[in-house]
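Below, each chain spelled out in residue letters.
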Amino acid sequence: MAEDLLCRAELQELALAHHGDGVSQNERLLLIVRDEDHRGAELALQALELPAHPHAQRRVEVRERLVKQAELWLDDERAGECHALLLAAGLAAVTHQAVSQADEPLRIGTTYMTMNNPFYSVIDEELRLVIESRGDILLTRDPALDQERQNGEIRDLLHEDIDLLVLNPVDYREIEPALREAQKAGVPVVVIDSQVSDSNLVACTIASDNYGAGVLCAEHLMNTCDSAKVVLIEHASTKSGTDRIQGFCDTLASHPNFQIIGRADSAGQLEVAMPQMDRLLEQGIVPDAVMCLNDPSALGAMAALQEHGLLEKTAVYGVDGAPEAKSMISEGAMTATAAQSPIRLGQITAQTVYAILNGEDYEKEITVPVELVTKDNVNGYDMNGWQ
């Protein structure tokens, strides 16, 4: 069974079967991994109402003006007291060198921690829809959870003369050298679905309320039982993942009847979460509830619990609101997921990208709310796609 989960080609084919009526809940749990049906993108352009593509000369003038303003701020010891919008504009100002021809398209680079999670594919699709509809170019890279590789990808994108970088870091601390290279090259960075250790190195951070997602899961657990032994499935190198787990733990901290009895790192991957959960169970660590940093990890943990005959006795929480998770909640196999909206994240990112490149005001930090999906409200969500 574990070998089947590790076979990516087979999993991709099997994932398509989970909509069929002839597959049982338990079989589906071991089959569903990826769902390619994330559309709805045709509505994005209407929702965004982005302004027309600016003339290249206007971009040059905006960049020159903002660079001069940024230089003045750097000489001012009180620069840190500037309004957030002005500081964001200043960071964006240290941008790429001027475009020489009026019809040359903008080049936006993107790199996500992994494209092995459909969540990031949806974000990328939303970005691509807007960027390419405007005649600009989106260059997407996949570091496959390798920070050194991601740093190299960023260097390559900088050499490809990108105007802006959209980034979801593999490791929110180890990304710093690449951020400094982007800053030196004058390329503004928009961080999405995470944070970085030094926010002064980026123009904007756009993320779901990750801490709040953990809080929602913990509150639901406390509202549905009087006590519980809990296992945590986490991803320690990502700020979004640590924030979710921290929000969960902080909420339980003042309630001694809820105890953390084990934890494991899944790197956010189903095929890692399953053997990690299995390892804990083999060690005799048997939980009443499992809190997972994302839905792929929750599905992996559920597969291990099912093999040990413990799934029906265990509450399982995830974060994402993935179609597969919502389906499992509807069937009673999974307890809840704190739903993010990769569609909305992609749309907001597209808006922010063009605000930065057009020299307009924008928010330096944008937090997108999350919602808890349970058996009580899951039918109000699209079961076959993302929100």
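The structure under discussion appears in the preceding block.
Quick caveat, the model's predicted, so the values are computed rather than measured. (Residues numbered from 1 in each chain as written. Predicted model: local features only at pLDDT ≥ 70, side-chain atom pairs only at ≥ 80, totals over all residues. Heavy atoms only, no water.)

Draft legend 1. Looking closely at the packing of helix α12 (residues 270-282) against helix α13 (residues 295-307). Packing of α12 against α13 leaves a shortest axis separation of 7 Å and a crossing angle of 40°. With respect to α13, the axis of α12 lies oblique. Relative to α13, α12 is oriented so that their crossing is right-handed. Across the interface between the two elements, Leu270, Ala273, Met274, Met277, Asp278 and Leu281 of α12 pack against Pro296, Ser297, Leu299, Gly300, Ala301, Ala303, Ala304, Leu305 and Glu307 of α13. Residues belonging to the contact of α12 with α13 are distributed by class as follows: 11 nonpolar, 2 polar and 2 charged. (Axes fitted to C-alpha atoms, helices over the stretch in contact; angles between N-to-C directions. Helix = DSSP H or I, 4+ residues; strand = E, 2+ residues; numbered from the N terminus. Parallel < 35°, antiparallel > 145°, perpendicular 65-115°, else oblique. Left-handed = near helix turned anticlockwise from the far one by under 90°. Contact = heavy atoms within 4.5 Å. Nonpolar A, V, L, I, M, F, W, Y, C, P; charged D, E, K, R; others polar.)

Draft legend 2. A look at the sheet that holds strand β5 (residues 204-208). Taking strand neighbours across the sheet as the criterion, the 6 strands line up as β2-β1-β3-β4-β5-β11 in an open arrangement whose pairing is parallel. On the outer flanks of this sheet lie β2 (137-141) and β11 (365-368), each paired with one strand and no other. Each strand of the sheet is rotated relative to its neighbour by a mean of 15°, with strand direction disregarded. When strand β3 (residues 164-167) meets strand β4 (residues 189-192), the two strands line up parallel, connected through 3 bridges. (Pairing = 2+ DSSP bridges.)

Draft legend 3. Representation of the pattern of salt bridges in the model. In this structure the tally under the stated criterion is 12 salt bridges. The salt bridge partner of Arg141 is Glu160, with a shortest N-O separation of 3.0 Å. Here Arg141 is found in strand β2, whereas its partner Glu160 is found in the loop between α8 (147-159) and β3, with 19 residues between them in sequence. Here Glu181 ties to Arg155 by a salt bridge, and the two come within 3.3 Å at their closest N and O atoms. Of this pair, Glu181 sits in helix α9 (residues 176-185) while Arg155 is found in helix α8, placing the two residues 26 residues apart along the sequence. One network of salt bridges, with partners in common, ties together Arg107, Arg141 and Glu160. (Salt bridge = Lys/Arg side-chain N within 4 Å of Asp/Glu carboxyl O.)

Draft legend 4. Molecular detail of the packing of helix α7 (residues 118-133) against helix α15 (residues 342-357). Closest axis-to-axis distance for the α7/α15 pair is 8 Å, and the angle between their directions is 40°. On the basis of the axis angle, α7 is oblique to α15. In terms of crossing hand, the pair formed by α7 and α15 is right-handed. Contacts between α7 and α15 pair Phe119, Val122, Ile123, Glu126, Leu127, Val130 and Ile131 from the former with Pro342, Ile343, Leu345, Gly346, Gln347, Thr349, Ala350 and Tyr354 from the latter. Of the residues in the contact of α7 with α15, the class split is 11 nonpolar, 3 polar and 1 charged.

Draft legend 5. Layout of α7. If you check α7, its first and last C-alpha atoms are 22 Å apart, about what 16 residues at 1.5 Å a residue would give, namely 22 Å. Among the residues of α7, those classed as buried are Pro118, Phe119, Tyr120, Ser121, Val122, Ile123, Asp124, Glu126, Leu127, Val130 and Ile131. Directly after α7, the chain includes Gly135, whose backbone phi takes a positive value near 80°. (Expected span 1.5 Å × (residues − 1). Buried < 20%, exposed > 50% of the residue type's maximum accessible area, 1.4 Å probe, protein only.)

Draft legend 6. Quick look at the sheet that holds strand β6 (residues 228-234). Strand order in the open sheet formed by 6 strands is β7-β6-β8-β9-β10-β12, and the pairing between neighbours is mixed. With partners counted over all chains shown, the strands left at the sheet margins are β7 (258-265) and β12 (371-373), one partner each. Shown here is a sheet whose adjacent strand axes are inclined to one another by a mean of 20°, direction ignored. Both strand β10 (residues 336-339) and β12 contribute to a ladder of 3 bridges, which runs antiparallel. Opposite Thr337, over in β12, you have Val373 as the bridge partner. Most of the contacts of α12 go to β7, to which it runs at about 130°, and overall it touches β6, β7 and β8 (289-292).

Draft legend 7. View of unusual backbone geometry. Of note, Ala144 is a non-glycine position whose phi angle comes to about 55°, a positive value. With respect to the helices and strands, Ala144 occurs in the loop between β2 and α8. At Asp161, a position not held by glycine, the phi torsion is positive, near 65°. By the secondary structure assignment, Asp161 is in the loop between α8 and β3.

Draft legend 8. Region of interest: the pairing of β7. When β6 meets β7, the two strands line up parallel, connected through 7 bridges. Among the inter-strand pairings, Ala228 is bridged to a residue of β7, identified as Phe258. Handedness of the β-α-β unit built from β6, helix α11 (residues 239-252) and β7 comes out right-handed. (Right-handed = clockwise from strand over helix to strand, strands pointing away.)

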